[in-house]
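These are the residues of each chain, in order.
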Amino acid sequence: MSSFVIYPAIDIRGGKCVRLIQGDYNQETVYNENPLEVAKAWESQGAKWIHLVDLDGAKAGYPVNDKLIGEIAKSVQVPVQLGGGLRTEKDVDHVLSLGVSRVILGTAAIENRDFVNRVLAKHGEKVAIGLDARDGYVATRGWLETSAVKADELAVELAREGARTFIFTDISRDGMMSGPNVEAIVHLAKVSGQTVIASGGVSQYDDLKRLVQYASEGVGGAIVGKALYTGSIKLEEAQSLV
């Protein structure tokens, strides 16, 4: 049994379960009015973790859908990880107190390294670093801005500070059903020496098969969103691949 985990994604905006194309807030599809029901459905189909994104929080810079997120965390037996707008220690402590098992820091990894280092020192394994890259450079603020920092260089630096889990998204692949950037994901795992979870572009079983091949090299899982909602991947079938 590999340590590869499939993370069904629930992106929350306005209290609903939605998907955006390439992070574009103007290209939204609402898949379900009730994210709590969705979380329970994924759990019943064998999910080992659930990946939550507070899209409103990502834009606002602080948790917006925290009440709903707390309800989800308490209503499922599997752990949940949360990203979106976590930019202060108080907000990180708050969502962890709601029952979230792992927080994902994205924009802050670029804009406030002292904060990230403090959170890593305090919470360790409960912290993942979200590296959303456009042409190899980290994008911030809900992908609205691109930095001058290379994703792989940042991963190496943060691994030295205690980061053990990275979530890598190639923005060009997200929501496009075009397959993940396997080469970049494997490269990131090798240079950082840590676990990398693939995000964005997983659209068919073959994508998962390709990623699972690198489980022993640090590719620890895949976040799957649109493909689950459109039915091109069935979670129960996907679990049998890992």
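These numbers were taken from a predicted model, which means no experiment stands behind them.

Conventions used here
- Each chain has its residues counted from 1, following the order in which its sequence is written.
- With the structure being a predicted model, the display of local features is reserved for residues of pLDDT at least 70 and the display and counting of side-chain atom pairs for 80 or more, all residues being used for whole-chain, interface and lining totals.
- The side-chain figures draw on all heavy atoms in the structure; neither hydrogens nor water molecules are used.
- Where helices and strands are cited, they refer to DSSP runs of H or I of at least four residues and of E of at least two residues respectively, numbered from the N terminus.
- Only heavy atoms matter for contacts: two residues are in contact if any of them lie within 4.5 Å across the pair.
- To get an axis, fit a line to the C-alpha atoms, keeping to the stretch in contact for a helix; angles then go from 0 to 180 degrees between the N-to-C directions.
- Roughly parallel here means an angle under 35 degrees, roughly antiparallel means over 145, roughly perpendicular means 65 to 115, and every remaining angle is called oblique.
- Less than a right angle of anticlockwise turn of the near helix away from the far helix marks a crossing as left-handed, whereas a clockwise turn marks it as right-handed.
- Throughout this entry, Asp, Glu, Lys and Arg are counted as charged residues, while Ala, Val, Leu, Ile, Met, Phe, Trp, Tyr, Cys and Pro are counted as nonpolar. The remaining residues, Gly among them, count as polar.
- Nine residue types can take part in a nonpolar core, namely buried Ala, Val, Leu, Ile, Met, Phe, Trp, Tyr and Cys, and a core is a set of them joined through side-chain atoms within 4.5 Å.
- Partly exposed residues are those whose accessible area sits between 20% and 50% of the maximum for their type, while under 20% is buried and over 50% is exposed, using a 1.4 Å probe and protein chains only.

**Digging into the environment of Gly83**
Relative to the elements of secondary structure, Gly83 occurs in strand β5 (residues 80-83). C-alpha of Gly83 to C-alpha of Glu71: the two residues are 12 residues apart in sequence and 16 Å apart in space. Excluding its chain neighbours within four sequence positions, the residues that come into contact with Gly83 are Leu52, Val53, Asp54 and Ile104.

**Examining the packing of helix α1 (residues 35-44) against helix α3 (residues 66-75)**
It is the contact of α1 with α3, at a shortest axis distance of 10 Å, that shows an interaxial angle of 25°. One way to sum up the angle between α1 and α3 is to call them roughly parallel. Here the hand of the crossing between α1 and α3 comes out right-handed. In this structure, α1 contributes Pro35, Leu36, Ala39, Lys40 and Glu43 to the contact, and α3 contributes Leu68, Glu71, Ile72 and Ser75. Among the residues forming the contact of α1 with α3, the class breakdown is 5 nonpolar, 1 polar and 3 charged.

**Observations concerning the nonpolar core**
Grouped together as the largest cluster of nonpolar side chains are 68 residues, with contacts concentrated most on Phe4, Ile10, Ile50 and Ile129. Beyond its immediate chain neighbours, meaning those up to four positions away, Ile129 contacts Ile104, Leu105, Ala109, Val116, Leu158, Ala163, Thr165, Phe166 and Ile167. Core analysis: the second largest hydrophobic core is formed by 9 residues, Trp49, Ile104, Ala128 and Ile223 among them.

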